Amino acid sequence: MNGIAAPIVAYETAPTQDFLKPRRKVSVVMVVYMTGEALQQSVECVLADPLVDELVVVDNGSTQSEAARLKRLADGDRRVRVIAGQGNVGFARGANLGARAACGEVLVFLNPDAFLQTDCIAELARAIEGRPVPCLVGGRVLNSDRTEQRGARRGDITPVSALLSLSRLAGAIPALRRYEVHWESEAAPEEVIAVPTISGACFCMRREDFDAVQGFDEGYFLHVEDVDLCWRVRQSGGDVLFQPKAEVIHLGHTSHASPLRVEFHKGVGLARYFRKRAKTGGESLVAWLISPLIVCTAIARPVMWRIRGRAA
């Protein structure tokens, strides 16, 4: 282990919470694709939590060494189950595979480059307990310096707000700030609050919540499936919640996949999302017309990152 996250990972075991005794079984579902060195420590954090009854790893694609390490882990720990051989089927389909295979009544979806902090699982389970179905609760996603990560809690994502946020114009031009959907610069709430959208890096649903909205929409390959899931929960009359006490540190950008490819899928996902939620013929027409602009704006981002990096 090379210690990529040694200074930021919470290895202390969280005490078992009284409100979860007797409790529903907790399964953590993790979809893996060429994650790299962060994966091992992410898994260690999951297995260090006494509330985790099962870890289901859906291997959409790993190096031979990573795949071998996951197999050894599953062979040596009865809590670990690895689903492999399906190829890279995308995050949404992979997460659905993991959820269907999981034995827990409480499902926690966690990115493989995210590190659970002490009591994260307990706080997520506490927040969702007793809520009407469907419900979804997201954790407070942090950068390695413990600042809140962009996208951890967001407003309702519309075509206009998406374009202005992707281009960063909403943050740069005062007159456009009302279109900024990212709320990480605002003071964190002290208790659980309802928000339109949370981050898919770490969130929790009960089995009945997941089934009520039929899981993830597998029409998304990578990105935006979490936005769609939040929207469908709200459309069904349910609650999307943000639990500030459930902290997870998310590295991000650890996959060996091309940033250009990742951003392309994000743009395609956003375009699909807006077409999907269009209610009228006029809205549908607008969604189709702006789809190329959204995709182009998304893929321009890694190009600009590279140009700025070279300039630096």
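This one's a predicted model, so the numbers in the text were calculated from it and none came from an experiment.

Peer 1: Report on the packing of aromatic side chains, specifying residues and quantitative values.
Peer 2: Scanning the model with the defined rule gives eight aromatic pairs in all. With centroids separated by 5.5 Å and ring planes inclined at 55°, the aromatic side chains of Tyr 273 and Phe 274 adopt a geometry described as tilted. Taken together, Phe 91, Phe 109, Phe 203, Phe 210 and Phe 216 form an aromatic cluster joined through their ring pairs. In this arrangement the basic side chain of Arg 275 is found over the ring face of Trp 288, its NZ or CZ atom lying 4.3 Å from the centre.

Peer 1: Explain the pairing of strand β3 (residues 80–83) residue by residue, including any values.
Peer 2: As paired elements, strand β2 (residues 54–61) and β3 share four bridges and run parallel to each other. Bridged to Val 58 within β3 is Ile 83. Each parallel crossover has a hand, and for β2 linked through helix α2 (residues 64–76) to β3 it is right-handed.

Peer 1: Which residues make up the state of the cysteines, and what values do they have?
Peer 2: Here the structure, examined in full by the defined rule, presents zero disulfides. Free of any disulfide, Cys 120 has its nearest neighbouring cysteine sulfur in Cys 202, separated by 4.0 Å.

Peer 1: A description of unusual backbone geometry should follow, citing residues and the corresponding values.
Peer 2: Backbone torsion omega between Val 133 and Pro 134 reads 0°, so that peptide bond is classified as cis. Relative to the helices and strands, Pro 134 is located in the loop between α4 (120–128) and β6 (135–142). In this structure, Arg 146 is a non-glycine residue whose phi angle is positive, near 75°. Among the secondary structure elements, Arg 146 is positioned in the loop between β6 and β7 (153–154). The partly exposed category is assigned to Arg 146, whose relative accessible area is 39%. Positive phi outside glycine occurs at Gln 214, with the angle close to 60°. In this structure, Gln 214 sits in the loop between α7 (207–212) and α8 (225–235). Judged by its relative accessible area of 71%, Gln 214 falls in the exposed class.

About the thresholds
- Residues numbered from 1 in each chain as written.
- Predicted model: local features only at pLDDT ≥ 70, side-chain atom pairs only at ≥ 80, totals over all residues.
- Heavy atoms only, no water.
- Phe/Tyr/Trp six-rings, centres within 6.5 Å; stacked < 30°, edge-to-face > 60°.
- Lys NZ or Arg CZ within 6 Å of the ring centre and 35° of its normal.
- Pairing = 2+ DSSP bridges.
- Helix = DSSP H or I, 4+ residues; strand = E, 2+ residues; numbered from the N terminus.
- Right-handed = clockwise from strand over helix to strand, strands pointing away.
- Disulfide = S-S within 2.5 Å.
- Buried < 20%, exposed > 50% of the residue type's maximum accessible area, 1.4 Å probe, protein only.

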